[in-house]
Amino acid sequence: MILINYLKSTILSKFVMAVTGIILVLFIIGHCIGNMQLFIGRESFNSYAYFLQERIGELLWIMRIGLILSLIFHVVTSIRLKFLNLGAKPKKYEVKNYVKAKLTSRTMIWTGIMIFAFVTYHILQFTTGTIYPGDYNRTDYYTTNAMSVKKLGSDECCTKSREATAKDAIINYRGNQYETAGNHPIISERHDAYGMVIHGFRRPIVAILYIIGMILLGFHLNHAIQSAFQTLGYNNPKYFNKIVVGSTVLSTLIVLCFISLPITIIFGLVGGGV
Amino acid sequence: MKLTLYIWRQKNAADKGHMEKYQLNDVMEDMSFLEMLDVLNEDLILKGKEPVAFDHDCREGICGACSLTINGVPHGPEKATTTCQLHMRKFKDGDSIYIEPFRAKAFPVIKDLVVDRSAFDRIMQAGGFIGVSTGNAPDAHSVPVSKKNADLAMDAAACIGCGACVAACPNAAAMLFVAAKVSQFALLPQGQPERKKRVLSMVSQMQKEGFGACTNFYECEAVCPKQVSVRFIAKMNRDYLCSRVTEAVEV
Ligand code: HEM
Ligand code: FES
């Protein structure tokens, strides 16, 4: 049980909260930047999705396991600390006025639990395709001249390569986004992550759910990022104010980045041709 | 001025306790908060009732004996001021004031507004001292201390151990108190030999006493009558993490 021995110490517990939290934040920043490729277009987004799914090999699972472990440790530690803290203050004040504690810092466990529920839903929808299999099971056909193929130097990226007919291409590329099949023979197919996201977010309920989920994440991170610095002992009068401001700026940027997808999609500004 | 007071009354540790309403009609604004309670108590005694028990000693803001959570803020509305130094001119005629004891599992109520803060003494006994007799005050400059560290150590040593940090913390964490007591030594040469052992044993005692964990609300710093900064908590975290890894002694 050496793995959970750290729970006996509140400072070590907070250390684990901070380190796992930072790992999750770094992932979220990467995820956010990756998502922005949706604005470049289907070709870019799908080849990025393909790259993550098929090209990085074991690295994908190493990353997934690292993230899942971080999330598990983060959640388990936070729940254990919450119970400890409730026990340390069994009698609340009749009247309580906070001077410095903010709504964000006082609701960490609740925003956290809601983020956990959101992440579960998110994985079931976009990673495993359990929730809307129709959205998930879409195929993207593309030509040898597609940008990702050109960039990678050959079409070897496409393990699912097959001979497709020009008819497929016309069916799938109503928007005529790439060169026509006539000029460049269609040779490959891959998972249409772009179409999946567009169709997903066209459902108002899904779009709203994501917007709410991301705002909750923003609340959590607004307190969390600067808090992690304090927990790890980085608090110096010279720059701590900047860390607090930076925490707000970064969390706001992350929220804006993420919610820009459902907002632009639901208003038809992106993905109109799909 | 006229005031309506709602005061926590509790006969003893076993009693459940409740809020009771009192009306005061001629409070002078030059009175301190505790003098206002003295007036109330005189009145209660004349009426043959049990006076309100509250802690106090120096009444000049240096001993840390006075406590009281006033309208939901330990030591009341004025920044960097103990309850004994709070004056009634900070309140308005007709105000309602809620007065409650410092709340924490580690600070059990003894009677009315008096709580048992001896958990802090036991934390101090666990390591808040230098383990050898250091004799008389040394000659100035015989032990070089940088101005910066001397100032910081003084900032930490300003802690009067009143427990407002615990009372204000939604988690009843004692991190600010312990951090101040650890840091006042960690910043000075005399504190170095026992530095690691000290932080480990004081933190360990803090947990045994049943104080909560820090969530970085920074509420402690906001109510501290001596304005001890949460920077000392960051410093203690650093010291603690490093000592857990490098100190051979099992604590
Ligand atoms: C993707 C998700 C998440 C990220 C990026 C994240 C990030 C962070 C970070 C960086 C901290 C600061 C650590 C510190 O105070 O030193 C934190 C604190 C916290 N997180 Fe999360 N978190 C996430 C999900 C969750 C979940 C799912 C839960 C809960 C069930 C949760 C509960 C908490 C709580 C309660 C704290 C405050 C702990 C304390 O100060 O006592 N978080 N989070
Ligand atoms: S009575 Fe001594 S500090 Fe208030």
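Participant: Explain the overall build of chain B here, please?
Facilitator: Within chain B one finds eight helices and seven strands. Across its three principal directions, the C-alpha atoms of chain B cover 60 × 40 × 35 Å. Within the span of chain B, comprising 251 residues, buried residues form 53% of the whole. In chain B, 69% of the contacts between residues at least 6 apart in sequence involve partners at least 24 apart. About 11400 Å² of surface is accessible on chain B, with carbon and sulfur atoms providing 51% of the total. Within chain B, one finds 30 positive and 30 negative side-chain charges whose respective centroids are separated by 6 Å.

Participant: Please clarify how the interface of chain A and chain B should be interpreted in this entry.
Facilitator: Interfaces are often sized by the amount of accessible area the parts lose when they come together. If you look at the interface, chain A gives 38 residues, while chain B gives 48 residues. It is I11(A), Y93(A) and Q230(A) in chain A that bury the most area against chain B; as a group they hold 19% of the surface buried on that side. E221(B) is the salt-bridge partner of K100(A), the closest N and O atoms lying 2.3 Å from each other. For the interface between chain A and chain B, the tally reads 30 residue pairs in polar contact (both at pLDDT 80 or more). In the side of chain A that touches chain B, the residues fall into 15 nonpolar, 14 polar and nine charged.

Participant: Looking at this structure, I do not really get the packing of helix α1 (residues 10-35) of chain A against helix α3 (residues 58-88) of chain A. What am I missing?
Facilitator: Geometry of a packed helix pair, given as the angle between the helix axes and the separation of the axes. Residue and element names in this part refer to chain A. At a minimum axis distance of 9 Å, the contact between α1 and α3 shows a crossing angle of 140 degrees. Taken together, the axes of α1 and α3 lie oblique to each other. Where α1 crosses over α3, the handedness of that crossing is left-handed. Mapping the contact onto sequence places T10, S13, K14, V16, M17, T20, G21, I23, L24 and F27 in α1 and L67, S70, L71, F73, H74, T77, S78, L81 and L84 in α3. Here the contact of α1 with α3 is composed, by residue class, of ten nonpolar, eight polar and one charged.

Participant: I would appreciate a short explanation of the confidence of the model for chain B in the present structure.
Facilitator: Low-pLDDT stretches of the model should not have their predicted coordinates read in fine detail. Summing up the model confidence of chain B, the mean pLDDT is 96 and the portion of residues at 70 or higher is 99%. Interface confidence in the predicted complex, given as ipTM, is 0.94; pTM for the same model is 0.91.

Participant: Quick question: what am I supposed to make of the pairing of strand β1 (residues 3-9) of chain B here?
Facilitator: In regular strands, side chains alternate between the two faces of the sheet. Residues and elements named next belong to chain B. A large share of β1 lies buried, amounting to six of its seven residues. Here β1 pairs with strand β2 (residues 18-24) via seven bridges, running antiparallel. Looking at β2, one finds that L5 is bridged to Y22. The pairing of β1 with strand β5 (residues 96-100) spans four bridges and is parallel. Bridge pairing in β5 places Y6 opposite Y98.

Participant: What's the story with a nonpolar patch on the surface in this structure? I'm lost.
Facilitator: Residue and element names in this part refer to chain A. On the surface, W61, I65, I68, L69, I72 and V76 cluster together into a nonpolar patch covering about 580 Å² of accessible area. Among the structural elements, V76 can be located in helix α3. Overall, V76 belongs to the partly exposed group, its relative accessible area being 42%.

Participant: I tried to follow the coordination of the iron atom of ligand 1 on my own but got confused; where do I start?
Facilitator: Note on metal geometry: ideal angles are 109.5 degrees for four donors arranged tetrahedrally and 90 or 180 degrees for six donors arranged octahedrally. All names here are of chain A. Around the iron atom of ligand 1, the protein contributes the donor atoms H74 (NE2) and H220 (NE2), which lie 2.0 to 2.1 Å from the metal centre. Every donor counted, the six donor atoms about the iron atom of ligand 1 form angles of 87 to 179 degrees at the centre, which fits octahedral coordination. In this pair, H74 sits in helix α3 while H220 sits in helix α10 (residues 204-231), placing the two residues 146 residues apart along the sequence. Residue classification places H220 among the buried positions, given a relative accessible area of 12%.

Participant: What is the right way to read the nonpolar core from this model?
Facilitator: A general feature of soluble globular proteins is that nonpolar side chains tend to end up buried together. V166(B), V178(B), F211(B) and M236(B) are the most contacted members of the largest nonpolar core, which totals 59 residues. Considering each element in turn, this core owes the most residues, seven residues, to helix α5 (residues 175-186) of chain B. Residues within four places of F211(B) in sequence aside, it is in contact with L84(A), A88(A), A106(B), F107(B), A119(B), F120(B), I123(B), V166(B), A172(B), A173(B), A174(B) and M206(B). Core analysis: the next-biggest nonpolar cluster, separate from the first, contains 32 residues, V25(A), F126(A), V206(A) and L221(A) among them.

Participant: I keep staring at the sheet that holds strand β3 (residues 69-70) of chain B and nothing clicks. Help me out?
Facilitator: Whenever strands of a sheet pair, they do so through backbone hydrogen bonds, lying parallel or antiparallel. Residue and element names in this part refer to chain B. The strand order β2-β1-β5-β3-β4 describes an open sheet built from five strands, whose pairing is mixed. The sheet terminates laterally at β2 and β4 (73-74), the two strands that pair on one side only. With two bridges connecting them, β3 and β5 associate as antiparallel partners. Residue pairing across strands places I70 opposite I99, the latter belonging to β5. On top of the sheet, helix α1 (residues 33-46) reaches β1, β2, β3 and β5; it is set at about 80 degrees to β1, its chief contact.

Participant: What is the right way to read the site of ligand 1 from this model?
Facilitator: Around ligand 1, the surrounding shell holds 24 residues, and the nearest of these are K14(A), H74(A), H220(A), S227(A) and T231(A). Proximal residues around ligand 1 fall on chains A and B, making this an inter-chain site. Contact distances for ligand 1 include 2.6 Å between an oxygen atom and a side-chain N or O atom of K14(A). Taking H74(A), its side chain carries an N or O atom lying 2.8 Å from a nitrogen atom of ligand 1. Broken down by element, the residue count for the shell around ligand 1 peaks at seven residues, all from α1(A). Looking at the shell around ligand 1, its residues break down into 15 nonpolar, eight polar and one charged.

Participant: Mind showing me how you'd approach helix α5 (residues 108-127) of chain A here?
Facilitator: Three or four residues apart is the spacing at which side chains of an α-helix point the same way, because the helix has 3.6 residues per turn. Residues and elements named next belong to chain A. With 20 residues, α5 extends 26 Å from end C-alpha to end C-alpha; this agrees with the ideal 28 Å at 1.5 Å per step. For α5, every residue scored as buried is listed here: M108, I109, T111, I115, F118, Y121, H122, Q125 and F126. The inward-facing, buried residues of α5 abut α1, α3, α4 (103-106), α6 (133-136), α9 (193-201) and α10. Two residues or fewer after α5 comes G129, characterised by a positive phi angle close to 70 degrees.

About the thresholds
Residues numbered from 1 in each chain as written. Chains lettered and ligands numbered in written order. Predicted model: local features only at pLDDT ≥ 70, side-chain atom pairs only at ≥ 80, totals over all residues. Heavy atoms only, no water. Helix = DSSP H or I, 4+ residues; strand = E, 2+ residues; numbered from the N terminus. Buried < 20%, exposed > 50% of the residue type's maximum accessible area, 1.4 Å probe, protein only. Contact = heavy atoms within 4.5 Å. Areas by Shrake-Rupley, 256 points an atom, 1.4 Å probe, with all protein chains shown as cover. Lys, Arg positive; Asp, Glu negative; His and termini not counted. Charge placed at Lys NZ, Arg CZ, Asp CG, Glu CD. Buried area = accessible area lost by both parts, 1.4 Å probe. Salt bridge = Lys/Arg side-chain N within 4 Å of Asp/Glu carboxyl O. Polar contact = N/O pair within 3.5 Å; in protein donor to acceptor, adjacent residues only side chain to side chain. Nonpolar A, V, L, I, M, F, W, Y, C, P; charged D, E, K, R; others polar. Axes fitted to C-alpha atoms, helices over the stretch in contact; angles between N-to-C directions. Parallel < 35°, antiparallel > 145°, perpendicular 65-115°, else oblique. Left-handed = near helix turned anticlockwise from the far one by under 90°. pLDDT = per-residue confidence, 0-100. Pairing = 2+ DSSP bridges. Patch = residues over 30% accessible without salt bridge, like charges linked within 9 Å, V, L, I, M, F, W, Y side chains within 5 Å. Donors = N, O, S within 2.8 Å, 3.2 Å for Na, K, Ca; no water. Tetrahedral: all angles 85-135°; square planar, octahedral: opposite > 155°, others 65-115°. Core = buried A, V, L, I, M, F, W, Y, C linked by side-chain atoms within 4.5 Å. Near = heavy atom within 4 Å. Expected span 1.5 Å × (residues − 1).

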